[in-house]
Amino acid sequence: MTAPSTFVRACGLSELDEDTPKRVELDGTPVSVVRTEGEVFAIHDICSHANVSLSEGEVEDCQIECWLHGSSFDLRTGKPSGLPATRPVPVYPVKIEGDDVLVSLSQES
Ligand code: FES
């Protein structure tokens, strides 16, 4: 059985510029919301390698790059594409309702 919906509003869709991550805090959790390739993704905003904000990195090919050491994380899975990061970063389900971008921190979509 799935848990009750836990989607909360992260930001407005019109606030998001293509390939420009937006950092939001949801229940004290930093989340980077990214609009790219016609979709919106939500990924935990802290690199799995060190305490660095991923939203300050660049977005390309559905990946967000950590600006400090250059690991890129897949926005769909959170998996790093290369060293030095070896652990994935949590990604969160996203729903769009009108102009609202909704994110669920419980990872069950
Ligand atoms: S802090 Fe992100 S790759 Fe090192």
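To be clear, the structure that these remarks concern was listed above.
Since the structure is predicted, the reported quantities are computational estimates derived from the model, not experimental observations.

Enquirer: With reference to specific residues and values, describe the environment of Gln63.
Expert: Looking at the element boundaries, Gln63 is found in strand β6 (residues 63-65). Along the primary structure Gln63 and Leu75 are separated by 12 residues, whereas in three dimensions their C-alpha atoms are 5.3 Å apart.

Enquirer: So what's going on with the pattern of salt bridges? Residues and values would help.
Expert: Under the criterion given, the structure shown has six salt bridges. One salt bridge in this structure joins Asp100 and Arg9, with 2.7 Å as the shortest N-O distance. Of the two residues, Asp100 is situated in strand β10 (residues 100-104) and Arg9 in strand β1 (residues 7-12); the sequence distance between them amounts to 91 residues. With a closest N to O distance of 3.1 Å, Asp74 and Arg76 form a salt bridge. Note on Asp74: relative accessible area 14%, which makes it buried. Shared partners join several salt bridges into a network, and the residues in it are Arg9, Glu15, Lys22 and Asp100.

The rules we used
- Residues numbered from 1 in each chain as written.
- Predicted model: local features only at pLDDT ≥ 70, side-chain atom pairs only at ≥ 80, totals over all residues.
- Heavy atoms only, no water.
- Helix = DSSP H or I, 4+ residues; strand = E, 2+ residues; numbered from the N terminus.
- Salt bridge = Lys/Arg side-chain N within 4 Å of Asp/Glu carboxyl O.
- Buried < 20%, exposed > 50% of the residue type's maximum accessible area, 1.4 Å probe, protein only.

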